[in-house]
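Next come the chains, spelled out residue by residue.
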Amino acid sequence: MRIILKILSCIVLCVILTGCWDHVELEDRGYVIGIAIDKGPDLPQGYEPREEYLSERDLEKMPLQVGQPQYAYTIQMPIVSKAQNLPTGTGGGGEGDKTWDLTILGNSLAEVSRQYSTRTNYVPFYSHIQIIAISEEVARDGLLPPLDTLLRDPEMRRRTRVFITPGEAKKILNVEPKIDDYPSFYLADLPLNSSKTSRVLHKTDLGEISEHLHGNHAFIVPRVISTKDEVKSAGAAVFKGDKMIGWLGELDTMNVEWVKNLVLGGMLTFSAPGEKEGIIALEIAKAKTDIKPIINGENIKMSIKSKALLNLEEQFRVHGHDSYKVTYIKELQNMIKDALEDRILDTVKYVQKEFEADIFYFDMVLERHRPEVWEKIKADWDEIFPKVEVEIDIDVRIEHTGTTR
Amino acid sequence: MTRDKLGSINMLSLFVNSMIGIKVLTLPRDLVIYSGTRSWMSLMIGALVALFTGLSLYWLGMKNPGLNTTQIVLKLMGRPIALIIMVVASFYFIGTAGLSLRIFADSINIFLLSNTPMSFVIIVMMLAGLYAVKQGLKVISIVFDLLLPVILFFIILLILLPVNNIDPKNLLPVFYGDIMPVIKGGYKAIEAFFGFAIIGYALPHFVEPKGVKKWIFISVAVCFSIYLGILLMALMIFGSNEISYLIYPTITLTKAIQLRVQLFERAESFFMAAWIPNAFTTLVIYYYLSIINIRSVFSKLNYNILAYCHFPLIFFVAMFPRNVVASTNYLVLLDNYIGKALVFFLVPGLIVLQLYRQRRKKK
């Protein structure tokens, strides 16, 4: 009896310990590295239908169980054997496309994502997705419908970067980067440069968007534009609710980041004091902003206090100023303080007037510091925000002046 | 069993492992929906109640040396009441074991092994659990001693890894609002500490029960710090509003980890390394408690046979709920009605009876 039991348990253990029910071979997975979401039907493809073959467009159509297709979803999968940067150094790639981009028209991304399996033998796997590019048209209609499954599906990660593009989102995935193999990785790395320039918005991923959508805050999402072999990420799209309401330029984005305490670095230029042609360029070494509400009866005022540590980088066409003098540095600091305060206030007023959307999170500031006031005005915040007074005080300090006087 | 003699330090792993259970997955949401940014206060209330109840059980155990909680009930309240309490408690223990197992299997199914049948995950886990339970408390305690550092290491790693994403301002406002939501949250938070029942049943097994007291304090502190770490991290990363939308905030927290380099893209696998042994310890402890509980009233029943008899019961409970929502709801019912009744009525009742008895003796 004992022996039989022992043999039996050995067999059971062999079965349990050796196999994994869910194993999928690494090479059989279709790693999706990017998703592009466009508006559906009149999507230009750039392929002329040929008579002897099915046209590309025909492949992209899919009979829906419910409704008419409104979105065109594109997924990008890498063709690893064509890559130039192979990890083992087996040498450089091949001709032709490095990625396989599949577009399908539909409404529900979940439904579409299964439809890809009618066209690829590699099962799409979404856990390593790098970017989600969304076209302006889709964004203006609302982000929530196409994003729901991305937030719900356990395969997705919340740190996937989201970009809005004025044109067609699919074009972003069609870019052929000069050095990298895949446009998705190329674009996903760009926000990491925000320590070099704060025109790149760096803090908006899927998780944050979800927080803003659920918390009913206005927010901004980075803008991206593309050519055949390059993308540029600068500026931002402004959202109120889940709908996009406008674009914010690069310079305004920088100022908005300043208010939101998101500045990691970047360049500031000012005209030199007393010299028409002269330009002074300074690098932001450190910038820290804190907002406090000041409530005076009915009147709500936001007091933005900021500390900036700058390094003098360049004096362009500046003559007769010795940067090695304390008096000059002081003069510069005062000049910069005034100019920077004006710029930022300008942007705040512009946003208040143009968008009436609280992308600075003044609502959160109120909720955190004066919850009792916030409780009362919560319902009317959309009307109150454009009228909120803002005062700003930046403490500018120039630390290094470089190696020449 | 006389061979089951434990040293005082064994209390730490036994206690911590039985407290950190299934609730770790949902704790941030459970508390945040009541008390928002002040949920850490709720957690503190929960920990204090846990500490107090643990110490009460310890005190009762010291007054009745060699007896576990059910035996104390038998001694103080008589056989009929003890029988009822025994049935209720075992119902609770089996229910918690089964439902924890189910929620564990669900989360494994969602995040890791989507094609593996759930019943298979449950059976494999239960076989391992049965094997551990059959060896008695000494072996359970040794296994727990081995697992505790692993579990703690991975949980602490996961608390620390997302640190570059935090926004401490999410914790504001700190002191605004009524006290009621905080207390309600605290009432909810007690559930996360229910594993303290083990004190009442493990105490007779300790060589020096007096030394256990210190370890009760330490264990509650360890448990509280881990829960607090997870809660604060979730609050600082998601904000209280977003947490209320997340079904498993703790797993989502692990999915929010992003390092600058292309490394650990799926950090939730780390969490599974802590989560699987953790689910195992929860199962084993409740499995064991139920057996011991029944044997305290029917001392003639064979331990091993009882262990085998529990197997289909726990399996049935685990397979009973139809979906994720149902299993969570059943667990909430168990905790709310039976668990809390035992904590708030049985324990104080026992203390009162014990004091009454002592007085009568003095007279």
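Here is what the cut-offs are and how they apply
- Residues numbered from 1 in each chain as written.
- Chains lettered and ligands numbered in written order.
- Predicted model: local features only at pLDDT ≥ 70, side-chain atom pairs only at ≥ 80, totals over all residues.
- Heavy atoms only, no water.
- Helix = DSSP H or I, 4+ residues; strand = E, 2+ residues; numbered from the N terminus.
- Buried < 20%, exposed > 50% of the residue type's maximum accessible area, 1.4 Å probe, protein only.
- Contact = heavy atoms within 4.5 Å.
- Areas by Shrake-Rupley, 256 points an atom, 1.4 Å probe, with all protein chains shown as cover.
- pLDDT = per-residue confidence, 0-100.
- Phe/Tyr/Trp six-rings, centres within 6.5 Å; stacked < 30°, edge-to-face > 60°.
- Lys NZ or Arg CZ within 6 Å of the ring centre and 35° of its normal.
- Buried area = accessible area lost by both parts, 1.4 Å probe.
- Salt bridge = Lys/Arg side-chain N within 4 Å of Asp/Glu carboxyl O.
- Polar contact = N/O pair within 3.5 Å; in protein donor to acceptor, adjacent residues only side chain to side chain.
- Nonpolar A, V, L, I, M, F, W, Y, C, P; charged D, E, K, R; others polar.
- Patch = residues over 30% accessible without salt bridge, like charges linked within 9 Å, V, L, I, M, F, W, Y side chains within 5 Å.
- Lys, Arg positive; Asp, Glu negative; His and termini not counted.
- Charge placed at Lys NZ, Arg CZ, Asp CG, Glu CD.
- Pairing = 2+ DSSP bridges.
- Axes fitted to C-alpha atoms, helices over the stretch in contact; angles between N-to-C directions.
- Expected span 1.5 Å × (residues − 1).

**A word on the overall build of chain A**
Helices and strands together make up the secondary structure of chain A, namely 13 helices and 14 strands. Along the longest, intermediate and shortest principal axes, the C-alpha atoms of chain A span 90 × 65 × 55 Å. Each of the 405 residues in chain A was classed as buried or not, and the buried ones make up 49%. Considering only intrachain contacts with a sequence separation of at least 6, the fraction spanning at least 24 residues in chain A is 73%. Surface summary for chain A: the accessible area is close to 21100 Å², and the carbon and sulfur share equals 52%.

**Comments concerning the confidence of the model for chain A**
Residues at a pLDDT of 70 or more form 93% of chain A, whose mean pLDDT is 86. Below a pLDDT of 50 lies the segment residues 43-53 of chain A, which in the model reaches 13 contacts outside its immediate sequence neighbourhood of four places, other chains included.

**What to know about the packing of aromatic side chains**
With the rule as written, the count across this model stands at 23 aromatic pairs over all chains. Put simply, the rings of Tyr92, Phe93, Phe194, Phe196, Tyr201 and Tyr286 of chain B pair up and form one aromatic cluster. Over the face of the ring belonging to Phe125 of chain A we find Arg29 of chain A, whose NZ or CZ atom lies 3.9 Å from the ring centre. Geometry around Tyr187 of chain B places Lys340 of chain B over its ring, the cationic atom sitting 3.9 Å from the centre.

**Examining the interface of chain A and chain B**
Between chain A and chain B, the residue contacts involve 31 residues of the former and 31 residues of the latter. Buried area between chain A and chain B, both sides added, is near 2800 Å², and the carbon and sulfur share of it is 51%. Among the residues of chain A in contact with chain B, Trp21, Arg159 and Arg368 of chain A are the three that bury the most area, contributing 25% of the side total. Arg158 of chain A is paired through a salt bridge with Glu242 of chain B; the nearest N and O atoms lie 2.9 Å apart. The interface formed by chain A and chain B holds ten residue pairs in polar contact (both at pLDDT 80 or more) in total. Those elements that provide at least two residues to the side of chain A that touches chain B are helix 7 (183-189), helix 8 (206-215), strand 12 (279-296), helix 11 (362-369) and helix 12 (371-377) of chain A. It is helix 8 of chain A that contributes the most residues to the side of chain A that touches chain B, five residues altogether. Considering only residue class, the side of chain A that touches chain B consists of nine nonpolar, nine polar and 13 charged.

**Notes on a nonpolar patch on the surface**
All names here are of chain B. The grouping of Phe316, Phe320, Tyr330, Leu333 and Tyr337 at the surface amounts to a nonpolar patch, some 580 Å² of accessible area in total. Considering the arrangement of structural elements, one finds Leu333 in helix 15 (residues 324-362). Assessed through its relative accessible area of 45%, Leu333 is described here as partly exposed.

**Quick look at a negative patch on the surface**
Among the surface-exposed residues, Glu356, Asp380, Asp382 and Glu383 of chain A lie close enough to one another that they form a single negatively charged patch. For Asp382 of chain A, the position within the fold is in helix 13 (residues 381-384).

**Some words on the sheet that holds strand 12 of chain A**
Residue and element names in this part refer to chain A. Read from one edge to the other, the open sheet built from four strands follows the order 11-12-13-14, with strand pairing classed as mixed. Since the sheet does not close on itself, it has two edges, and those belong to strand 11 (267-271) and strand 14 (389-398), each with one partner. On average, each strand axis in the sheet is inclined to that of its neighbour by 40 degrees, with strand direction left out of account. Summarising the sheet, strand 13 (residues 299-316) and strand 14 pair through ten bridges and their orientation is parallel. Each bridged residue has a counterpart across the sheet, and for Met302 the counterpart in strand 14 is Val390. Packed onto the sheet, helix 9 (residues 250-259) meets strand 11, strand 12, strand 13 and strand 14 and runs at close to 50 degrees relative to strand 12. Helix 10 (residues 326-354) contacts strand 11, strand 12, strand 13 and strand 14 of the sheet and is inclined by roughly 150 degrees relative to strand 14.

**Observations regarding helix 10 (residues 212-238) of chain B**
Compared with an ideal rise of 1.5 Å per residue, which puts 27 residues at 39 Å, helix 10 of chain B spans 39 Å between its outermost C-alpha atoms and is within 8% of the ideal. With its phi angle positive at about 85 degrees, Gly239 of chain B sits one or two positions after the end of helix 10 of chain B.

**Description of the environment of Gly177 of chain B**
All names here are of chain B. For Gly177, the position within the fold is in the loop between helix 7 (137-160) and helix 8 (180-189). Residue classification places Gly177 among the partly exposed residues on the basis of a relative accessible area of 44%. Measuring from C-alpha to C-alpha, the distance between Gly177 and Asp30 comes to 18 Å, with 147 residues separating the pair along the chain.

**A few points about the pattern of salt bridges**
Residue and element names in this part refer to chain A. Summed over the entire model, instances satisfying the criterion amount to 23 salt bridges over all chains. One salt bridge in this structure joins Asp148 and Arg152, with 3.2 Å as the shortest N-O distance. Residue Asp148 and its partner Arg152 are located together in helix 5 (residues 144-152), separated by four residues, close to a single helical turn. With a relative accessible area of 35%, Asp148 lands in the partly exposed category. Judged by its relative accessible area of 64%, Arg152 falls in the exposed class. We note a salt bridge from Arg370 to Glu372, for which the minimum N-O separation is 3.0 Å. The exposure class assigned to Arg370 is partly exposed, which follows from its relative accessible area of 29%.

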